[in-house]
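# Results of the structural survey
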Amino acid sequence: MNRMISMTVDTNCARPTASPALRGGCVKRLSVLGATGSIGTSTLDLIGRDPDAFEVVALTAARSAAKLAELAIRHRARFAAVCDEAAFPELSERLAGTGIRAGAGPAAMIEAASLPADCVVAAIVGAAGLAPTFAAARQGCRVALANKECLVSAGSVFLAEIARCGSELVPVDSEHSAAFQVLAGADAGSIEKITLTASGGPFRTWSPARIAAATAEQALCHPNWSMGAKITIDSATLMNKGLELIEAYHLFPVEARQLDAVVHPQSIIHCLVQYKDGSLLAQLAAPDMRTPIAVALAWPARMEAPVERLDLAKVGTLTFEPPDEARFPCLTLAKGALQRGGSAPAVLNAANEVAVAAFLAGRIPFGGIANLVEKTLAAAEPRELFLTPVSLDDVLSVDREARRLAERLLQA
Ligand code: NAD
Ligand code: MG
């Protein structure tokens, strides 16, 4: 089984010797892909509090040149790159005279991910993060992975690349960071079950009719977490928890049947691990992504994070309930894709990205997200889109085809 978080060294890769990160302790040279987003800015907030401890190598964004330039200047980055070439003139102008090199386009995303660093924080949203995250994996460094879509779409291919290149994968997603901490040093045979918690999202107590007609404004209003738009919608549909079950399947040495989710509206416990001796271990923290980011940067050491400390007496009550898959069918669809295997999770992810974008653009109702994903999955199997991918190119080709299919179904 190739799903343990592991580290091997392969001399075919760009940097065969272990970086300081791989020797344990806090990373020093850091790049952030998706620096202007929610995870990106939380990461920079954290390291900005101890600027002498870190060197920022590269920062990237989709197109917000002004914000990227400001972050690059503030954190004294060496390279800043936007994916959208139309944003390059503004970025170059803003960085003129600073000594920070500017770049643009998909090749610049790869370059930013490949510049030697101890750790690359992979925080681009969606399958757009696949190629840059693979490039980070190829440099033999620590990959602090927020981009869950990478593991969902490319799971085994991505892990093979991590292992081949002697990189080290540390999850940033809060539930997986929790499991990573709780599982540290555990023997695979001792684990009975891993339970991811879910807040339940803004529609946890809503009726099916109200959920089906929910507006973007309502769906973007997450009760506990402040995040980018796409993951916030995924949290409202519970697709996020489905994607996270797939992510956990790849990260940890368990079978799909040993994974489940429980709704925990307070978002204090992030994951529970049931051991075969009856012990149930959990990680607790205030819902603030700076804690899992700090874990990913410092592991196995710990670094200071300016997050609220839990006062359990003040919290008072922690509650739990089973997720209602009848009202949140995206969770069932994701579990089905995990069971089906091959490229089914990549199709699920691509269809979901199209559906979420369509919902946010007012093209479909909230209830249409699950419908479109379901229809795309049903149409993909007979077109042989579920074959097991063996390379990044295979994954990207399935992703493209599934998006085309979803777009066609959207227009039908
Ligand atoms: P966000 O939308 O706030 O930020 C996304 C970043 O990616 C931005 O910097 C944006 O400029 C960049 N980007 C977007 N499209 C791009 C493209 N086509 N090419 C290059 N760059 C592009 O998203 P986020 O909430 O920070 O989430 C980032 C990733 O982390 C997602 O995969 C999400 O699922 C995961 N994650 C986020 C949180 C959270 O609390 N925000 C928690 C767990 C996991
Ligand atoms: Mg999460």
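Residues numbered from 1 in each chain as written. Chains lettered and ligands numbered in written order. Predicted model: local features only at pLDDT ≥ 70, side-chain atom pairs only at ≥ 80, totals over all residues. Heavy atoms only, no water.

### Side note on the pattern of salt bridges
In the structure shown here, the tally under the stated rule is 27 salt bridges. Ionic pairing is found between lysine 241 and glutamate 175, a salt bridge with its closest N-O pair at 2.8 Å. One end of the pair, lysine 241, is in helix 11 (residues 239-251); the other, glutamate 175, is in helix 7 (residues 174-183), and 66 residues separate them in sequence. Note that glutamate 304 is salt-bridged to arginine 309, the shortest N-O span being 3.6 Å. In this structure, glutamate 304 and arginine 309 share a single accessibility class: exposed. Members of the salt-bridge network, linked through shared partners, are Lys148, Asp173, Glu175, Lys241 and Glu244. (Salt bridge = Lys/Arg side-chain N within 4 Å of Asp/Glu carboxyl O. Helix = DSSP H or I, 4+ residues; strand = E, 2+ residues; numbered from the N terminus. Buried < 20%, exposed > 50% of the residue type's maximum accessible area, 1.4 Å probe, protein only.)

### Some words on the nonpolar core
The biggest cluster of nonpolar side chains holds 138 residues, and the ones touching the most others in it are Leu59, Phe158, Ile194 and Leu348. With 11 residues, the single largest contributor to this core is helix 15 (residues 344-360). With sequence-adjacent residues up to four places away left out, leucine 59 is seen in contact with Val32, Ala35, Leu44, Leu68, Leu71, Ala72, Ala77, Phe79, Ala80 and Ala81. (Core = buried A, V, L, I, M, F, W, Y, C linked by side-chain atoms within 4.5 Å. Contact = heavy atoms within 4.5 Å.)

### Describing the site of ligand 1
For ligand 1, the set of nearby residues contains 22 residues, the closest of which are Thr36, Ser38, Ala62, Glu149 and Gly228. Residue glycine 34 places a main-chain N or O atom 3.3 Å away from an oxygen atom belonging to ligand 1. In this structure, an oxygen atom belonging to ligand 1 sits 2.8 Å away from a main-chain N or O atom of glycine 228. Relative to its unbound accessible surface of 820 Å², ligand 1 loses 86% to contact with the protein. Split into classes, the residues belonging to the shell around ligand 1 amount to 13 nonpolar, six polar and three charged. (Near = heavy atom within 4 Å. Polar contact = N/O pair within 3.5 Å; in protein donor to acceptor, adjacent residues only side chain to side chain. Areas by Shrake-Rupley, 256 points an atom, 1.4 Å probe, with all protein chains shown as cover. Nonpolar A, V, L, I, M, F, W, Y, C, P; charged D, E, K, R; others polar.)

### Let's talk about the packing of helix 10 (residues 229-237) against helix 11
The N-to-C vectors of helix 10 and helix 11 enclose an angle of 95°; their axes lie 5 Å apart at closest approach. The orientation of helix 10 with respect to helix 11, classified from their angle, is roughly perpendicular. For the pair formed by helix 10 and helix 11, the contact residues are Lys230, Ile231, Asp234, Ser235 and Thr237 on the first element and Met239, Asn240 and Leu243 on the second. Its residues assigned to classes, the contact of helix 10 with helix 11 comprises three nonpolar, three polar and two charged. (Axes fitted to C-alpha atoms, helices over the stretch in contact; angles between N-to-C directions. Parallel < 35°, antiparallel > 145°, perpendicular 65-115°, else oblique.)

### A short note on the confidence of the model for the chain
The pLDDT averaged across the chain works out to 94; a share of 94% of its residues lies at or above 70. Segment residues 1-23 is flagged for pLDDT under 50; beyond a separation of four residues in sequence, or across chains, it makes 62 contacts in the model. (pLDDT = per-residue confidence, 0-100.)

### Comments concerning the domain arrangement of the chain
Domain assignment breaks the chain into domain 1 (11-171), domain 2 (177-287 + 308-315) and domain 3 (329-411). A straight line from the C-alpha centre of domain 1 to that of domain 3 covers 27 Å. The partner domain 3 presents 12 residues to the 11 residues of domain 1 that form the contact. When domain 1 packs against domain 3, close to 840 Å² is buried across both sides, 71% of that on carbon and sulfur atoms. When the buried surface of domain 1 facing domain 3 is broken down by residue, Val152, Ser153 and Val157 rank first, second and third, together holding 48% of it. For the pair domain 1 and domain 3, the number of links is zero salt bridges. Summed over the shared surface of domain 1 and domain 3, the result is two residue pairs in polar contact (both at pLDDT 80 or more). Elements represented by at least two residues in the side of domain 1 that touches domain 3 include exactly helix 5 (130-138) and helix 6 (148-164). (Domains from an automatic or database assignment. Buried area = accessible area lost by both parts, 1.4 Å probe.)

### So, the environment of glutamate 407
Considering the arrangement of structural elements, one finds glutamate 407 in helix 17 (residues 392-411). Between the alpha carbons of glutamate 407 and isoleucine 110 there is a distance of 27 Å; along the sequence they are 297 residues apart. Those residues in contact with glutamate 407, other than ones at most four positions away along the chain, are Val354 and Arg363. At 3.4 Å, the side chain of glutamate 407 and the side chain of arginine 363 are in polar contact.

### Examining the environment of phenylalanine 158
Relative to the assigned elements, phenylalanine 158 resides in helix 6. Taking the relative accessible area as the measure of exposure, phenylalanine 158 reaches 0% and is therefore buried. The spacing of phenylalanine 158 and alanine 179 is 21 residues in sequence and 20 Å in space, taken between C-alpha atoms. Setting aside chain neighbours within four positions, we find phenylalanine 158 in contact with Thr133, Phe134, Ala137, Val143, Leu145, Cys150, Leu151 and Leu169.

### As for the state of the cysteines
Using the criterion set out here, one finds zero disulfides in the structure. Considering cysteine sulfurs only, cysteine 150 is the nearest to cysteine 83, which forms no disulfide, with 15 Å between them. What makes cysteine 83 partly exposed here is its relative accessible area of 32%. (Disulfide = S-S within 2.5 Å.)

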